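Single-letter residue listing:
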Amino acid sequence: MNREKESCVKALEEGKRLTRSQWKTLVSDPDGEDAEILAQKARRIREERYGRAVFIRGLIEFTDYCRNDCYYCGIRKSNGRAARYRLTREEILECCRQGYALGFRTFVLQGGEDPFFTDERMAELISAIKGEFRDCALTLSIGEREEESYRAFRKAGADRYLLRHETADPEHYRLLHPAGMSLERRMGCLRCLKELGFQTGAGFMVGSPGQTPDTLAADLEFLQELRPEMVGIGPFLPHRDTPFCGRPGGSVELTLYLLSLVRILLPDALLPATTALGTAAADGREAGILAGANVVMPNLSPAGAREKYQLYDGKLCTGNEAAENLEALRRSMEAIGYRVVVDRGDYRGMIGG
Ligand code: 5AD
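Each residue is numbered by its place in its chain's sequence as written, counting from 1. In keeping with the predicted nature of the model, local features appear solely for residues at pLDDT of at least 70, side-chain atom pairs appear and are counted solely at 80 or more, and the whole-chain, interface and lining totals rest on all residues. As a rule here, side-chain values cover all heavy atoms of the structure and leave hydrogens and water aside.

Undergrad: Tell me about the UniProt feature "binding site: [4Fe-4S] cluster" (unreviewed entry) in the protein chain, and please be specific about residues and values.
TA: Within the UniProt annotation, "binding site: [4Fe-4S] cluster" (unreviewed entry) is assigned to Cys66, Cys70 and Cys73. Secondary structure is summarised from DSSP: a helix means a run of H or I of at least four residues, a strand means a run of E of at least two, and numbering begins at the N terminus for each. By secondary structure assignment, the location of Cys66 is in the loop between β2 (58-63) and α4 (89-102). Throughout, a residue-residue contact means that at least one pair of heavy atoms, one from each residue, lies within 4.5 Å. Contacts of Cys66, omitting those with residues within four sequence positions, involve Ile75, Lys77, Arg84, Gly112 and Glu113. The residue Cys70 is located in the loop between β2 and α4 in this model. The contact partners of Cys70, leaving out residues within four places of it in the chain, are Arg76, Leu176, His177, Pro178 and Met181. UniProt positions are given in the numbering used here, feature names are shortened, and annotations may be inferred rather than shown by experiment.

So, in structure tokens, the structure goes:
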């Protein structure tokens, strides 16, 4: 590792605020040795906070209708070939029941921005889930809404909210999204969620079209300022029916390196080894854990829904990422020295493991 990078890492470990140019130094062409050094530091930090526990979240993809038209995403409004579906309230509750029986104590309701799920419907659904599963945490991942809506979801019992910022560079944001969507609005939502007391998750794709060391530096600077409780990072993977069809996918190595950096930046963060990472490389999720991640999100959606919820081509949905294969996931984590745990894994909630 060169001296310049080394001094940036040291500053980061000391909890100092890095400048944009220091971040740029850190994210610019890391080599294998840089990655290994950061991964070691990341593992040590994660183990101090969480031991060797890997938290599981049951992911329920409950609708793939979306009013947005993000250029990278397979369920964008303009994709006429997407097979659209919505789970009913009862189907969603049934997913939770199955998940609960398997040992899940956190459910993540993820979907497109589907106007069918009005604030009233969402609040009712949230109350129903939290009423039936009193010892479980509920995470929402349903995009941008008004402050009043977020307030209503919180009141109904939702605990956490994932809303990736996608990129912290306004121009890059415009390259990834059509006019009418803005980074300013997205960041406003994130700040609002935090203020309302949600454990909040931001994040971005690695290798999205137009991403550069400058935009990545902006992402890390933004994370340093927002200090989210969760950060979702996965490689961009092209989808054939989107404007970014045929673009190269993001690098697995760079994704792992950035996971390590974020672990050092936010020692307590809940960092998932994402499905996209597992899709991009056969051992992606294990590698993610070894780079500093501490969460995996197996899929609890009914089989039919899983196939339709295609954000990118080739999305895994039948192997270890399927909730019913929890045993296989347990074994694959044990093989690398980690242990799947079933508690809620609240932020700073558990030491040791
Ligand atoms: N490749 C990788 N990740 C994607 N997402 C959406 N489309 C893609 C893609 N083509 C990610 C976005 C979104 C999350 C739910 O999935 O970052 O926030």
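Undergrad: Residue-level account of the pairing of strand β7 (residues 230-235), with values.
TA: Buried, partly exposed and exposed residues are distinguished by accessible area as a fraction of the type maximum, computed with a 1.4 Å probe on protein chains only: under 20%, between the cut-offs, and over 50%, respectively. Counted residue by residue, β7 has six buried out of six residues, so it is predominantly covered. The pairing of strand β6 (residues 199-206) with β7 spans six bridges and is parallel. By the bridge assignment for β7, Gly201 is matched with Met230. Here, the term right-handed applies to a crossover whose path from the first strand over the helix to the second runs clockwise when the strands point away from the viewer. Of the crossover connections in this fold, the one passing from β6 over helix α9 (residues 213-226) to the parallel β7 is right-handed. DSSP-based pairing: two strands are paired if at least 2 bridges between them are found.

Undergrad: Go over the site of the ligand with me, naming the residues and quoting the values.
TA: Around the ligand, the neighbouring residues are Tyr72, Cys73, Gln110, Arg164, Glu166, Met205, Pro235, Phe236, Leu237, Leu311 and Tyr312. Within the contact set of the ligand, an oxygen atom lies 2.9 Å away from a side-chain nitrogen or oxygen of Arg164. The Shrake-Rupley method, run with a 1.4 Å probe, gives the accessible areas here. Residue values count only the displayed protein chains as cover. For the ligand, whose accessible area on its own is 400 Å², the fraction buried by protein is 88%. Of the residues belonging to the shell around the ligand, the class tally is eight nonpolar, one polar and two charged. One heavy atom within 4 Å of a molecule or strand makes the whole residue count as near it. Under the rule applied, a polar contact is a pair of N or O atoms within 3.5 Å (in protein, one hydrogen donor and one hydrogen acceptor; residues adjacent in sequence only if both atoms are side-chain atoms). In the scheme used here, Gly and all other residues not listed as nonpolar or charged are polar, with Ala, Val, Leu, Ile, Met, Phe, Trp, Tyr, Cys and Pro taken as nonpolar and Asp, Glu, Lys and Arg as charged.

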